[in-house]
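Inside the fold
The chain contents come next:
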Amino acid sequence: MVTDGTRPHGAAAGTLSTSTSGAISGAAATSRSTRIDAPSLVAMAADAVRNMILAGDLAPGDRLIEERLTEELDISRPPLREALRLLENEGIIERMPRRGAIVRTLTDQDVREILAIRAALERLAFETGIPVSDDSRLEPARLALDDMERCAREQDRGNLVRAGYAFHSALIRIAGNRRLEDIYASVQQQILLCMSRNLITRERFFEGLEEHVARHRHLLELVESGDAQAALRELAAHGANSFQSAPAAE
């Protein structure tokens, strides 16, 4: 597992594998059954590195050392480099002079702006979408919550972050407002980075992974109840303790 040695946790990265795409034991084993073409290998490498970042195994500012990643993921440099270009286009990593590729760092101002946009969009979805007129609109949120519970049990923090985004994105869709959905999707990668940093902070100081999922289940239950004001109050409190430091000693 690629790590900077300071994180106390993180889902095992191993060879090229993720929970969402299925375990892949490596190019050599795969070639004995179904040959993987280069674009698929690139996508899986990007997915694996993305998971390392979201899980906190690669922290903001960490260098992405090709030699270590090729060995860990059991791939050659060409597909890895293409995967890193994909992540750079997504805004998850950036290239710095004399340092190469590093994990993007969000400034305090970045976080404030992203959280403000996210809160406003989610609040609008709740104000216009609750009570939910068609119960089938809640099914994607229920499925995402099931995925969150599985990831919490498996200590799979990278995919827990992604399932958390899927949950919140599903709640955006209860409003049936396509433009609102498009705006939310346009800042997906920035929201994911914020969610990743937030999960690390909350787990370190405030709550375990199961408690993290329980907060989301409670939020969904209020949405399902049709009580818009209760759901809005919970939404406003949902991010309490986000990005805070350890509680002061008494």
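Residues numbered from 1 in each chain as written. Predicted model: local features only at pLDDT ≥ 70, side-chain atom pairs only at ≥ 80, totals over all residues. Heavy atoms only, no water.

This brings us to the overall build of the protein chain. When helices and strands are tallied, the protein chain shows 11 helices and two strands. Beginning at the N terminus, the succession of helices and strands in the protein chain can be written as α-α-α-α-β-β-α-α-α-α-α-α-α. Every one of the 250 residues in the protein chain was classed for burial, and the buried ones make up 48%. For the protein chain, the accessible area works out to roughly 12,600 Å², and carbon and sulfur atoms hold 49% of it. (Helix = DSSP H or I, 4+ residues; strand = E, 2+ residues; numbered from the N terminus. Buried < 20%, exposed > 50% of the residue type's maximum accessible area, 1.4 Å probe, protein only. Areas by Shrake-Rupley, 256 points an atom, 1.4 Å probe, with all protein chains shown as cover.)

The step from Ile130 to Pro131 runs through a cis peptide bond, and the omega angle for that step is 0 degrees. Here Pro131 is to be found in the loop between α5 (108-129) and α6 (139-153). For Asp74, which is not a glycine, the phi torsion comes out positive at approximately 60 degrees. On the secondary structure map, Asp74 appears in the loop between α3 (66-73) and α4 (77-90). Under the relative-accessibility criterion, Asp74 is labelled partly exposed at 38%.

A separate point is the layout of surface pockets. Put simply, the largest pocket is a space of about 460 Å³. In this structure, the largest pocket is lined by 23 residues; those nearest its centre are Arg118, Glu122, Leu235, His238 and Gly239. Those elements that provide at least two residues to the lining of the largest pocket are α5, α7 (157-172), α9 (188-205), α10 (209-225) and α11 (228-238). Grouping the constituent residues of the lining of the largest pocket by class yields 11 nonpolar, eight polar and four charged. (1 Å grid on protein atoms, 1.4 Å probe; cavity = no way out; pocket = protein on both sides within 12 Å on 5 of 7 lines; lining within 4 Å. Points joined across faces, edges and corners; volume = space filled by probe spheres on them. Nonpolar A, V, L, I, M, F, W, Y, C, P; charged D, E, K, R; others polar.)

A word on the pairing of strand β1 (residues 93-96). As paired strands, β1 and strand β2 (residues 100-103) are joined by four bridges and run antiparallel to one another. The residue of β2 that forms the bridge with Glu94 is Ile102. Counted along the chain from β1 to the antiparallel partner β2, the turn is three residues long, and its residue Arg98 has a positive phi close to 65 degrees. (Pairing = 2+ DSSP bridges.)

The next subject is the nonpolar core. Here is a general trend for soluble globular proteins: nonpolar side chains tend to be buried in one another's company. Counting 68 residues, the largest nonpolar core has Val49, Leu64, Phe126 and Phe167 as the members making the most contacts within it. Looking at this core, the element that brings in the most residues is helix α2 (residues 38-55), giving 10 residues. Every residue in contact with Phe167, bar those within four places of it in the chain, is listed here: Ala141, Ala144, Leu145, Met148, His216, Leu219 and Leu220. (Core = buried A, V, L, I, M, F, W, Y, C linked by side-chain atoms within 4.5 Å. Contact = heavy atoms within 4.5 Å.)

The terminal C-alpha atoms of α4, which comprises 14 residues, lie 20 Å apart, in line with the 20 Å expected from a rise of 1.5 Å per residue. For α4, the full list of buried residues reads Pro79, Leu80, Ala83, Leu84 and Leu87. Burial along α4 is one-sided: seen end-on, the buried residues are contained in an arc of 140 degrees. What points out from α4, more than 90 degrees from its buried face, is the exposed set Pro78 and Asn89. Within two residues after α4, Gly91 carries a phi angle of roughly 90 degrees, on the positive side. (Expected span 1.5 Å × (residues − 1). Arc of directions from axis to C-beta.)

Let's shift gears to the packing of α7 against α10. When two helices pack together, their arrangement is given by the angle between their axes and by how far apart the axes lie. Here α7 crosses α10 at 10 degrees, and the two axes come no closer than 12 Å. It follows that α7 is roughly parallel to α10 by the angle criterion. When α7 is examined against α10, the residues Arg157, Leu160, Phe167, His168 and Leu171 are found in contact with a partner set consisting of Leu209, His212, Val213, His216, Leu219 and Leu220. Of the residues contributing to the contact of α7 with α10, the split by class is seven nonpolar, three polar and one charged. (Axes fitted to C-alpha atoms, helices over the stretch in contact; angles between N-to-C directions. Parallel < 35°, antiparallel > 145°, perpendicular 65-115°, else oblique.)

So, on to the environment of Gly226. Positionally, Gly226 belongs in the loop between α10 and α11. Separated by 93 residues in the primary sequence, Gly226 and Ser133 place their C-alpha atoms 9.4 Å from one another. Look past the residues within four positions of Gly226 in its chain and what remains in contact with it is Ile130 and Pro131.

It is worth spelling out the side chain of Ser196 at this point. Within the secondary structure, Ser196 sits in helix α9. Here the side chain of Ser196 touches Leu54 through a polar contact of 2.7 Å, landing on its backbone oxygen. Apart from the residues lying within four places of it in its own chain, the contact partners of Ser196 are Ile53, Leu54, Ala55 and Val161. (Polar contact = N/O pair within 3.5 Å; in protein donor to acceptor, adjacent residues only side chain to side chain.)

In this structure the tally under the stated criterion is two aromatic pairs. Note on Tyr165 and Tyr184: the rings are 5.7 Å apart at their centroids and 25 degrees apart in plane angle, and the pair reads as stacked. Separated by 19 residues along the polypeptide, Tyr165 in helix α7 and Tyr184 in helix α8 (residues 178-186) bring together distant segments of the chain. Side by side, Tyr165 and Tyr184 carry an identical accessibility label, which is buried. Taking the centre distance of 6.4 Å and the plane angle of 75 degrees together, the rings of Phe205 and Phe206 count as edge-to-face. Here Phe206 falls in the partly exposed class, since its relative accessible area comes to 26%. (Phe/Tyr/Trp six-rings, centres within 6.5 Å; stacked < 30°, edge-to-face > 60°.)

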